[in-house]
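Spelled out, the chains give:
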Amino acid sequence: MLDYISVQQAAIKWRISERRIQKLCEENRIVGAVRFGHAWAIPKDAEKPVDKRKRKMDDEK
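Bear in mind the structure is a predicted one, so any value in this text is a computation, not a measurement.

*Asks:* Could you clarify how one ought to interpret the sheet that holds strand β2 (residues 34–36) in this entry?
*Replies:* Sheets are built from strands that pair by backbone hydrogen bonding, the pairs being arranged parallel or antiparallel. Strand order in the open sheet formed by 3 strands is β1-β3-β2, with antiparallel pairing between adjacent strands. Each edge of the sheet is formed by a strand with only one pairing partner; in this case those strands are β1 (4–5) and β2. Two strands pair when backbone bridges link them, and β2 and strand β3 (residues 39–43) are joined in this way by 3 bridges, in the antiparallel orientation. Its bridge partner lying in β3, Val 34 is registered against Ala 41.

*Asks:* It is not clear to me how the nonpolar core should be interpreted in this structure. Could you clarify?
*Replies:* Looking at soluble globular proteins, one finds that nonpolar side chains tend to be buried together. Counting residues in hydrophobic clusters, the biggest one holds 12 residues: Ile 5, Val 7, Ala 10, Ala 11, Trp 14, Ile 21, Leu 24, Cys 25, Ile 30, Trp 40, Ile 42 and Ala 46. Mapped by element, the contributors of at least two residues to this core are α1 (7–14), α2 (18–26) and β3. Discounting chain neighbours no more than four positions away, the residues touching Ala 10 are Ile 5, Arg 15, Ile 21 and Ile 42.

*Asks:* How do you make sense of the pattern of salt bridges when you look at a structure like this?
*Replies:* Any two side chains of opposite charge can pair if their charged atoms end up close together. With the rule as written, the count across this model stands at 3 salt bridges. In this structure, Glu 26 engages Arg 19 in a salt bridge whose closest nitrogen and oxygen atoms are separated by 3.7 Å. By relative accessible area, Glu 26 is classed as partly exposed at 38%. Linking Glu 26 and Lys 23 is a salt bridge whose minimum nitrogen-to-oxygen distance equals 3.7 Å. Here Lys 23 and Glu 26 lie together in helix α2, a separation of 3 residues that amounts to about one turn. Several salt bridges converge on common partners, so that one network encompasses Arg 19, Lys 23 and Glu 26.

Reading guide: rules and limits
- Residues numbered from 1 in each chain as written.
- Predicted model: local features only at pLDDT ≥ 70, side-chain atom pairs only at ≥ 80, totals over all residues.
- Heavy atoms only, no water.
- Pairing = 2+ DSSP bridges.
- Helix = DSSP H or I, 4+ residues; strand = E, 2+ residues; numbered from the N terminus.
- Core = buried A, V, L, I, M, F, W, Y, C linked by side-chain atoms within 4.5 Å.
- Buried < 20%, exposed > 50% of the residue type's maximum accessible area, 1.4 Å probe, protein only.
- Contact = heavy atoms within 4.5 Å.
- Salt bridge = Lys/Arg side-chain N within 4 Å of Asp/Glu carboxyl O.

So yeah, pure geometry; function would need other evidence.
Below, the structure written as structure tokens:
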């Protein structure tokens, strides 16, 4: 389990809510995330998924 972090740890690392992390896991947007019962294990080196709700500055032109 040393190569994985919890939802709580990922929330702190990425500065987003635990619930958002859970939703990203459920939507398979975090590569390598695995569910164990009711808990998620997230690879320690996983990248934070891009927030599709935000637009880039180039898109606004």
